Amino acid sequence: MADAVEEVLLGSWDQDLAEALDSGGSDMEMDRGVIQVQELPALQRAKMWKIALNVAGKGDSLSPWDGVLDLPEQTLIHNRSQQLIDQLGVSEEERIEMVSDVESVITFYCKSRNITFTPELSWPHLLKPLLGLQLPRSDLYNCFYAIMNKYIPRDCVPKGRPFHLYRLLLQYHEPELCSFLDTKKITPDSYAINWLGSLFASHCLPDVTQALWDNYLQQADPFLVFFLMLIILVNAKEAILTQEGDSKEDIIKMLEGSPALLEPEDIEDLFSLAQYYYSKTPLSLRKENQNLFGSSLVALKEEDMDLSQALCLPVSVPEILQANQLQQEGVRFFVVDCRPAEQYNAGHLSTAFHLDSDLMLQNPSEFALSVKSLLEAQKQSLESGSIASGEHLCFMGSGREEEDMYMNMVLAHFLQKNKEYVSIAKGGFMALQQHLVDMNVEGLDSSYVHWIVSTSGSHSSLSSADGESLSSPGDGKGVKSLVNKMTFALKSRSVNVKEKMISFIENTSTPVDRHVSSSDRVGKPYRGVKPVFSIGDEEEYDTDEIDSSSMSDDDRKEIVNIQTWINKPDVKHHIPCNEVKETGHMFPSHLLITATHMYCLREIGSRKGFAYIQSRQALNSVVKITSKKKHPELITFKFGNNNTAGVEISAVERYLIPNAGDATKAIKQQIMKVLDALESS
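Residues numbered from 1 in each chain as written. Predicted model: local features only at pLDDT ≥ 70, side-chain atom pairs only at ≥ 80, totals over all residues. Heavy atoms only, no water.

Trainee: How do you make sense of the overall build of the chain when you look at a structure like this?
Mentor: The helix and strand inventory of the chain stands at 26 helices and 15 strands. Across the chain, every contact between residues at least 6 apart in sequence was considered, and the portion connecting residues at least 24 apart equals 69%. Accessible area for the chain stands at about 31100 Å²; split by element, carbon and sulfur atoms hold 50% of it. (Helix = DSSP H or I, 4+ residues; strand = E, 2+ residues; numbered from the N terminus. Contact = heavy atoms within 4.5 Å. Areas by Shrake-Rupley, 256 points an atom, 1.4 Å probe, with all protein chains shown as cover.)

Trainee: Can you walk me through the sheet that holds strand S5 (residues 392–396) in this structure?
Mentor: Backbone hydrogen bonds are what pair the strands of a sheet, in a parallel or an antiparallel way. With parallel pairing, 5 strands are arranged side by side in an open sheet as S1-S6-S5-S2-S4. Where the open sheet ends on each side, the last strands, each with one partner, are strand S1 (313–315) and strand S4 (353–354). Two strands pair when backbone bridges link them, and strand S2 (residues 333–337) and S4 are joined in this way by 2 bridges, in the parallel orientation. Residue pairing across strands places valine 336 opposite phenylalanine 353, the latter belonging to S4. Strands S2, S4 and S5 of the sheet are contacted by helix H20 (residues 364–384), whose axis makes an angle of about 155° with S2. Each of S5 and strand S6 (422–425) is contacted by helix H21 (residues 405–416), which is oriented at about 160° to S5, the strand it contacts most. (Pairing = 2+ DSSP bridges. Axes fitted to C-alpha atoms, helices over the stretch in contact; angles between N-to-C directions.)

Trainee: In this structure, what is going on with the side chain of asparagine 289? I would like to understand it.
Mentor: Positionally, asparagine 289 belongs in the loop between helix H16 (284–287) and S1. Beyond its immediate chain neighbours, meaning those up to four positions away, asparagine 289 contacts Arg161, Leu165, Phe223, Ser284 and Leu307.

Trainee: It is not clear to me how the pattern of salt bridges should be interpreted in this structure. Could you clarify?
Mentor: Pairs can form between side chains of opposite charge once their charged atoms are near each other. Tallying each qualifying case throughout the model produces 17 salt bridges. Among the ionic pairs, aspartate 86 bridges to arginine 95, the shortest N-O distance being 2.8 Å. The exposure class of aspartate 86 is partly exposed, given its relative accessible area of 46%. Between glutamate 174 and lysine 237 there is a salt bridge; the shortest N-O distance is 2.8 Å. (Salt bridge = Lys/Arg side-chain N within 4 Å of Asp/Glu carboxyl O. Buried < 20%, exposed > 50% of the residue type's maximum accessible area, 1.4 Å probe, protein only.)

Trainee: Explanation requested: the environment of valine 622 in the structure shown.
Mentor: Counting through the fold element by element, valine 622 comes out in strand S13 (residues 622–628). Remark: the alpha-carbon pair of valine 622 and lysine 638, spanning 16 residues in sequence, is separated by 5.9 Å. Beyond its immediate chain neighbours, meaning those up to four positions away, valine 622 contacts Lys638, Phe639 and Ile671.

Trainee: What should I look at first to understand the state of the cysteines in this one?
Mentor: What we call a disulfide is simply a covalent bond connecting the sulfur atoms of a pair of cysteines. The final tally for this structure, using the stated rule, is 0 disulfides. No disulfide involves cysteine 338; its sulfur sits 9.8 Å from the nearest other cysteine sulfur, which is in cysteine 394. Owing to a relative accessible area of 2%, cysteine 338 belongs among the buried residues under this scheme. (Disulfide = S-S within 2.5 Å.)

Trainee: Before we go on, may I ask you to explain a nonpolar patch on the surface in this structure?
Mentor: On the surface, a nonpolar cluster with roughly 260 Å² of combined accessible area is contributed by Met672, Leu675 and Leu678. Structurally, methionine 672 is set in helix H26 (residues 660–680). (Patch = residues over 30% accessible without salt bridge, like charges linked within 9 Å, V, L, I, M, F, W, Y side chains within 5 Å.)

Trainee: Whenever I open this one, the nonpolar core confuses me. Can you help?
Mentor: Within soluble globular proteins, side chains that are nonpolar generally end up buried alongside one another. Ranked by internal contacts, the top residues of the largest apolar core, which has 114 residues, are Tyr191, Phe226, Phe227 and Leu233. By residue number, the principal contributor to this core is helix H12 (residues 224–235), which donates 11 residues. In this structure, Leu359, Phe367, Val371 and Leu374 belong to the second largest nonpolar core, which totals 21 residues. (Core = buried A, V, L, I, M, F, W, Y, C linked by side-chain atoms within 4.5 Å.)

Trainee: What should I look at first to understand the packing of helix H4 (residues 74–86) against helix H6 (residues 123–131) in this one?
Mentor: Each pair of packed helices gets described by two things: the angle between the helix axes and the distance between those axes. For the pair H4 and H6, the least separation of the axes is 10 Å and the interaxial angle reads 40°. Classified by the angle between their axes, H4 and H6 sit oblique to one another. In the crossing of H4 with H6, the sense of the turn from one axis to the other is right-handed. In contact with Arg80, Leu84 and Ile85 of H4, H6 contributes Pro124, His125, Leu127, Lys128 and Leu131. (Parallel < 35°, antiparallel > 145°, perpendicular 65-115°, else oblique. Left-handed = near helix turned anticlockwise from the far one by under 90°.)

Trainee: What's the story with helix H22 (residues 428–439) in this structure? I'm lost.
Mentor: Side chains that are three or four residues apart share a direction in an α-helix, a result of its 3.6 residues per turn. Relative to the 16 Å expected for 12 residues at 1.5 Å per residue, H22 spans 17 Å between its end C-alpha atoms, a close match to the ideal helical length. Along H22, the residues that are buried comprise Gly428, Phe429, Leu432, Gln433, His435, Leu436 and Met439. (Expected span 1.5 Å × (residues − 1).)

Trainee: Sorry, what's going on with the pairing of S2 here?
Mentor: Working note: regular strand, side chains alternate between the two faces of the sheet. In terms of burial, S2 is a largely internal element, 5 of the 5 residues being buried. Taking every second residue as pointing to the same face, both faces of S2 are buried, with Phe333, Val335 and Asp337 on one and Phe334 and Val336 on the other.

Trainee: Would you mind showing me how to read the packing of helix H11 (residues 206–219) against H12 here?
Mentor: Look at H11 against H12: their axes get within 11 Å of each other, and the N-to-C directions meet at 140°. Judged on the interaxial angle alone, H12 and H11 are oblique. Contacts between H11 and H12 involve Leu212, Tyr216 and Gln219 from the former and Leu224, Val225 and Leu228 from the latter. Partitioning the contact of H11 with H12 into residue classes produces 5 nonpolar, 1 polar and no charged. (Nonpolar A, V, L, I, M, F, W, Y, C, P; charged D, E, K, R; others polar.)

Trainee: What is the right way to look at unusual backbone geometry in this model?
Mentor: Trans is the common state for peptide bonds, and a negative phi is the common state for residues other than glycine. Phi is positive for glutamine 134, which is not a glycine, with a value near 55°. We classify glutamine 134 as exposed; its relative accessible area is 69%. A positive phi angle is found at alanine 220, which is not glycine, with a value near 60°. Take alanine 220: it is sitting in the loop between H11 and H12. For alanine 220, a relative accessible area of 35% gives the class partly exposed.

Trainee: Teacher, can you tell me more about helix H9 (residues 175–183) here?
Mentor: Buried within H9 are the following residues: Pro175, Leu177, Cys178, Phe180 and Leu181. Buried residues in H9 make contact with helix H8 (161–173), helix H10 (188–198), H12, helix H13 (237–241) and helix H14 (248–256). Of the residues trailing H9, lysine 185 is marked for its positive phi of about 60°.

This is the structure:
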């Protein structure tokens, strides 16, 4: 009877576990209730890992193989397999069988992938936690293959690309520690190659490795390993910096053994800190390096290979533009344009601070004053809530290597000062221009002036030379005046640069006169954008769309408290976003999804915490959800109804949504629930 009860309980546990993992690990509290990582029996852990690795129920991948062990490096594979099993302290009978399993798994993997096994590979360490689950050989191989494919980065070899990326991450968050190790000529691969190649199994105790993998596989994010490595180094920072007089070899030995100090109860804090640092890191680290993980049949791009030459972490232009538009927690950039004055004057990003890199050699005293003003301006912009504000410094050059030589010297200056959160705009100003052209599928028009302006207040070189003037020279408000006057202040020796900069930055928090005309209320342009993705994934563009968000008089709309509405019991999903008008202007907004409706609350710039109810749409009126393939974060909703003539579109709304895939999935699921309810009624 007791056995029957236990079987029922285990069946329920399996179901709860599968549901928890299928949810994507978003509800940590729920998952912890299902997955008791400290006390998980081997049988349940094996089931959990197989579900997380998507190999539960998978067939025997080894069945087509003849089992012949005849690789040129077979002796090495056999010896490494024996060394691994000898560490486990099993009986002789079990030892022979387990050595055979490990040797077979490694041999078949090498043969099927056409890979040569070499001494520095960490595969035996990677198999060690799996052996503790007492898996049959077929499951052992399937789990090993899945981990190698999803979680072990490609090029995980000495001087490999993952270690250059990790060094840039370390420099971004801990420049002092990075500089110390660079001075000692200690590269990440010298101490972390087995960390990364075995997911810490090479150095952690078995129970620590199991608890770590429980969490790591549950998170299902391969890039998280870089942040776990970062936290281990950050925790050892004090000890590392006191080893100034020690030899390089001694420091490497101490670093390499750092994970061995972890205990099972440390794992929860380790992951919490890793997630915190992750949230303080530009998304480009992940988006620009997706091909580090996955099938080795996908070649690494030539231009992505040379991270070893990067001065600091590169950030994509789209992320720079979007980060400061989305009024939410996360990475925001204070952009520093380091091009020569004449290039900056001809056209620049409207929120960029100008720091003429030529001054570093031509006029060091003026350069020092400009740097001081830059840091003070950054501080004041953060305090005032300016759209130009950001804790993270991003330097922008021209994008031409020969012209950016001085900018690289400026970057080195900030890094030598151990300034954290320093990045560079990938591709420079040329990439910015190209991105705006790509976004504006209808051609160059006046919407560009909201992104790129010149010191004369006219259109930049992206638009026609006789473009309409944005503002009068005496206009002292808004972002356009900010960058115009900023340049004049830095070029004038007869003014107090520091005081001018502070006053200019403070003006940007006022949402008045930020656009071409008074009818353009607030917002920034994000142009371009034929809807492409949908539930049916069509390639089409409707020219007769209706922009339902174009209410002309905000004063007539209902004003509500944002947090009060978010906390309403009937709100199932809250999605921070930007509403995008047909004109290209963007408005910080919030989508709230209830059981039957989708609400758009547009933030009121002059009243923090309040918003207009911009639209109310019934979920059963959604006809199509689309997005552009090149810009999947820009989502278009079409609303309408069916009649004898077909589908009549009554409204179209566009939103720029971070993590748009998760948001649209949640909305689609709610729509299906509404439709199912209507059909059953």
